[in-house]
Amino acid sequence: MGALRLGARADDIEETTMPATLTVATAAAAAADAIDEAEPLPLAGLTLDRRRGQLLDSQGRRVELRRQTMAVLLELARRPGEVVSKQALFDAVWRGRVVTDDSLVQCVLEIRRTLGPSGAALLRTLPRRGYVLESTWPDQGPPAPEHVPGHVPVAGVAGLELCEAAPARREPPPPELAFVGRHGELFRLAAMARAPAETAERVLLIEGEPGIGRSRLLAEGLRLAAAHGRATVALRCFEIEARVANVMLARLVGQLVERADAPLLRKLDAVSRAELAALVPAAAARLAPLAGLGGESAEIRLARRVAALVALAHALAAGPGLVIGIDDAQWVDAASALVLHALAESAARAPLLLWATLPGPPRHARAAALYEALLGHAHVARVVLPRLAAAEIGQLARQVFGDAADATELAATLARESEGNPMFVHELIRASTCRLDGGAQGASRAGAARQPEASPALPVTLVEAVCRHLDHLSLPGRRLLEAAAVAGPGTDFEWLRRLAGQARGPALDALDELLAEGWLVHRGDVLVFTHNGLREAVRVALCSARRQALLRRAACIGSAGGTGGAT
């Protein structure tokens, strides 16, 4: 057997082979891989069974993922906490087949959606390097094996140790940025939560363009409400749920029942307990329904369920007060829209607050009707979030970069590039902190301020964040938006619909959607993106084949009859 090089890097050792002979290092690596892949990997309340190639929920049920998406997740899980390059993922998953970057991006987005709110933190993008999957071990991580510092025991070989390679350089974690620029709005929510029985505003609709921070404001408001001792319920609606009845209704009932004690639940009448138990069977034991359900029509059953949920919410609010937060309320299903209307209508009669986020006046007929009905009540108000001011962006830059020499210059660059959109500000700062040279890395470890880049580029994470918003658009709306991104900074509607290849009627419906969702605005006779960074992100997210097809069509159409021009 060949001699081992003490102090060699792990990568070098693993690649060392001898004809017809298995080296100790190779055997050790194989044994370590076998042990790692046999261990389940915790991921945000889920568990990845790497031996069987399955993702399981907390009840041991299988979470379905597309085959390519599961393959990407397993490849990343082979090296948790390490950077895996795009090329390595392409080679391992698609094995030489010609695919675009969009195929990998879609897999990454699906993994993050499956992991929930912490998906972006668990599966991080390192610009121009690859992806890192972080596991969520309980109790702050698995116990580290005891060994002499600087030495690594070789698995399966007693008494044999190799000199430990220098630790791989790890990217700094994304900075937890302060919540700035929303003091007035947050004070408004805090005042409502401090005395819900006394405030004149019981329902607040939080609106604004994509990336403006609606969800963050709602989360901060609910945190303050909990600090004041109020019971809080937080739900998020999804587009796919809008087509299925009772989805949000069932989740809301489950959370309310969980927060209510047994004496409070017994105060509900028997029929109400039976309806709620039928809606959420897992809560039947706590509800103890006494009445059987008859064969009434679906409409009567729905009315009884809505009344039962309102009674439960009022009973819970009668104690410490109750605050219900609904994120992305534009995607409520029909039954849930009735629930929100009933809660809003009855909020004036109990210490009950309802906060909901949405981009603006909804485009769906059902959500639009709910929106108009809510605004008809005197105790319902709306707040439209503005963009951040330059001073507020400077405050974020100073938090991350301290008194670095060019921090002031970077703050000005951030304000110019982001145009005050918080999502763009955060992603540009994250991109800047991911590129530290060796000296800055050492200074960071010593507690010194990070050194920013002078000119942050559009980061990949920002493109992916915009893609998540694109998923909410209809296909005609997305195609019209892609055409607008390729057409140029501004174009008129007729030229744009021809570039998108859409008839006038569907194109008008798609335009209404884009205007309502805050992607485009009218500026005189032309249509422009609300944020130039949105246009660039949509353009970058396009696969090259579609972008070239749109450019060829633009060249054929020409600029006659319109102000747009392809770029």
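## A few points about the nonpolar core
Nonpolar side chains tend to gather and get buried jointly when the protein is soluble and globular.
Okay, so step 1: Core analysis: the biggest nonpolar cluster contains 52 residues, and Leu252, Leu256, Leu312, Leu322, Ile324, Ile326 and Leu343 have the highest contact counts within it.
Okay, so step 2: For this core, the element with the most residues is helix H13 (residues 298–317), which contributes eight residues.
Okay, so step 3: Once residues within four sequence positions are removed from consideration, Ile324 is found in contact with Val233, Leu252, Leu343, Leu352, Leu353, Leu354 and Trp355.
Okay, so step 4: Core analysis: the second largest hydrophobic core is formed by 32 residues, Phe424, Leu481, Ala507 and Val538 among them.

## Brief notes about the pattern of salt bridges
Okay, so step 1: Across all of its chains, the model carries 21 salt bridges by this definition.
Okay, so step 2: Among the salt bridges present, the one from Arg66 reaches Glu110, with a minimum N-O distance of 2.9 Å. Linking Arg66 in the loop between strand E3 (54–56) and helix H3 (67–77) with Glu110 in helix H5 (residues 101–115), this pair joins segments that are 44 residues apart in sequence.
Okay, so step 3: You can call Glu110 buried: its relative accessible area is 15%.
Okay, so step 4: Note that Glu207 is salt-bridged to Arg382, the shortest N-O span being 2.7 Å. Taken together, the residues span a long stretch of sequence, with Glu207 in strand E9 (residues 203–207) and Arg382 in strand E13 (residues 380–384) at a distance of 175 residues.
Okay, so step 5: Overall, the relative accessible area of 2% leaves Glu207 in the buried class.
Okay, so step 6: On the basis of relative accessibility, which here comes to 39%, the residue Arg382 falls in the partly exposed class.
Okay, so step 7: Because the salt bridges share partners, they merge into one network encompassing Glu275, Arg301, Arg304 and Arg305.

## A look at helix H25 (residues 544–557)
Okay, so step 1: Across its 14 residues, H25 extends 20 Å between first and last C-alpha, which sits within 8% of the 20 Å expected from 1.5 Å per residue.
Okay, so step 2: Those residues of H25 that fall on the buried side of the exposure criterion are Leu550, Ala554 and Ile557. Take H25 and look down its axis: the buried residues cluster within an arc of 65°, on one side only. Turned more than 90 degrees from where H25 packs its buried face, Ala545, Arg552, Ala555 and Cys556 sit exposed.
Okay, so step 3: Elements that come into contact with the buried residues of H25 comprise helix H21 (475–487) and helix H22 (493–500).

Each value, and the rule that gives it
- Residues numbered from 1 in each chain as written.
- Predicted model: local features only at pLDDT ≥ 70, side-chain atom pairs only at ≥ 80, totals over all residues.
- Heavy atoms only, no water.
- Core = buried A, V, L, I, M, F, W, Y, C linked by side-chain atoms within 4.5 Å.
- Buried < 20%, exposed > 50% of the residue type's maximum accessible area, 1.4 Å probe, protein only.
- Helix = DSSP H or I, 4+ residues; strand = E, 2+ residues; numbered from the N terminus.
- Contact = heavy atoms within 4.5 Å.
- Salt bridge = Lys/Arg side-chain N within 4 Å of Asp/Glu carboxyl O.
- Expected span 1.5 Å × (residues − 1).
- Arc of directions from axis to C-beta.

Taken by themselves, the reported measurements are silent on function.
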